[in-house]
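Chain and residue survey
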Amino acid sequence: MEQDWIWGLIGGLLIGTGGAVYLLANGRVMGASGILGGLVDGSERHHWRERTAFLVGVLLLPVLLYPLYGTVDTHITESWPVIIVAGVMVGIGTRLANGCTSGHGVCGISRLSLRGIVSTVFYILAGGLTVAVFRHLLEWI
Amino acid sequence: MRAVYAFVAGGLFGAGLFVSGMTDTLKVQGWLDVFGDWDPTLAFVMGGAIIPMAIAWALVPRRLTPLAGGAFPNRPTPQVGRELIIGSTLFGAGWGLAGLCPGPAIASLSYGGAAHWVFVAAMLAGMVVAPGLRSELDRRVARD
């Protein structure tokens, strides 16, 4: 557990390198919600091949790495209503905002984009507030 | 070649999300939980990801075109509108609620179990209705 930050840093460097490859090779901003959203709402039918290839990579690498770890618990909530509501909020929110943690966060902040920085401030504040309400306020009441 | 590069980029992204522990919802919520037992991991992930990405952005002006051809993305007009604020807030609340954002949600599909498939299905449904909501929002703003 004490090494969590080291693995966080290594993972972060890998994520950023992925974004760098996507930008320098394909000339595109690596945003998970945009790549996925453009496929499902039909707004970006062109480039479907590279989008699909990207998503296959995201899905496949954890499959290959999983045996090294044995078990990985994601600790996701058992409440399906919470999962569904959260999923819909993430889907609508990221498409309205045109980006998520990867697009606005990683790619936006690194180029000092005002939109990326503002978006990141708002989703972190909203996320922090939500966790505070559900973990502390409701129990305290 | 575009698809090959995209696969490599996606693979690095997926591997990074996996080894960093960002598909663990407790670690994400633990970072957001400033009033509880705060988990700093996500800050290291973000910081680590921004370094190579900043180098890549710095390299863009030195290259005429991307490796696979085409053009580099234009700098977006620095417009902070209603949709950016509403969307980011909605996304953040959902992110805090489940501890998943789009990237890790996809990366964890192979081992996260049924709940992760349900989350992704709900997220895709949200993405499908989002353009309609966006135009409805635009219409109301235009009317006022």
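What you see is a predicted model, and the numbers here were worked out from it, not measured in a lab. (Residues numbered from 1 in each chain as written. Chains lettered and ligands numbered in written order. Predicted model: local features only at pLDDT ≥ 70, side-chain atom pairs only at ≥ 80, totals over all residues. Heavy atoms only, no water.)

On a plain count of helices and strands, chain B comes out with six helices and zero strands. In chain B, the succession of helices and strands from N to C terminus is α-α-α-α-α-α. Here the C-alpha radius of gyration of chain B, 18 Å, is well above what a compact globule of 144 residues would show, namely 15 Å. Here the C-alpha coordinates of chain B stretch approximately 50 × 45 × 30 Å along the principal axes. (Helix = DSSP H or I, 4+ residues; strand = E, 2+ residues; numbered from the N terminus. Rg over C-alpha atoms; globule rule 2.2 N^0.38 Å.)

This structure, assessed with the given rule, holds nine salt bridges over all chains. For K27 of chain B, the salt bridge goes to D4 of chain A, with nearest N and O atoms at 2.5 Å. Taken together, the residues K27 of chain B in helix α2 (residues 25-32) and D4 of chain A in helix α1 (residues 4-26) connect one chain to another. Given the relative accessible area of 10%, K27 of chain B is considered buried. Across the salt bridge formed by R134 of chain B and E83 of chain B, the nearest N and O atoms sit 2.8 Å from each other. Taken together, the residues R134 of chain B in helix α6 (residues 114-143) and E83 of chain B in helix α4 (residues 82-98) connect sequence positions 51 residues apart. One network of salt bridges, with partners in common, ties together D4 of chain A together with K27 and D39 of chain B. (Salt bridge = Lys/Arg side-chain N within 4 Å of Asp/Glu carboxyl O. Buried < 20%, exposed > 50% of the residue type's maximum accessible area, 1.4 Å probe, protein only.)

Looking at the element boundaries, L17 of chain B is found in helix α1 (residues 2-20). The class for L17 of chain B is buried, based on a relative accessible area of 5%. Taking the C-alpha atoms as reference points, L17 of chain B and S108 of chain B, separated by 91 residues in sequence, lie 8.9 Å from one another. With residues up to four places along the chain from it excluded, the contact list for L17 of chain B reads I15 of chain A together with M22, T23, G103, P104 and A107 of chain B. (Contact = heavy atoms within 4.5 Å.)

So, about unusual backbone geometry. Glycine aside, residues mostly have negative phi angles, and peptide bonds mostly take the trans form. Residues and elements named next belong to chain A. Here the phi dihedral of N98 falls at roughly 65°; this positive angle occurs in a residue that is not glycine. Note that N98 resides in the loop between α4 (80-97) and α5 (101-110). In the Ramachandran plot, L112 falls in the positive-phi region, its phi being about 55° despite a non-glycine side chain. Along the polypeptide, L112 turns up in the loop between α5 and α6 (114-140).

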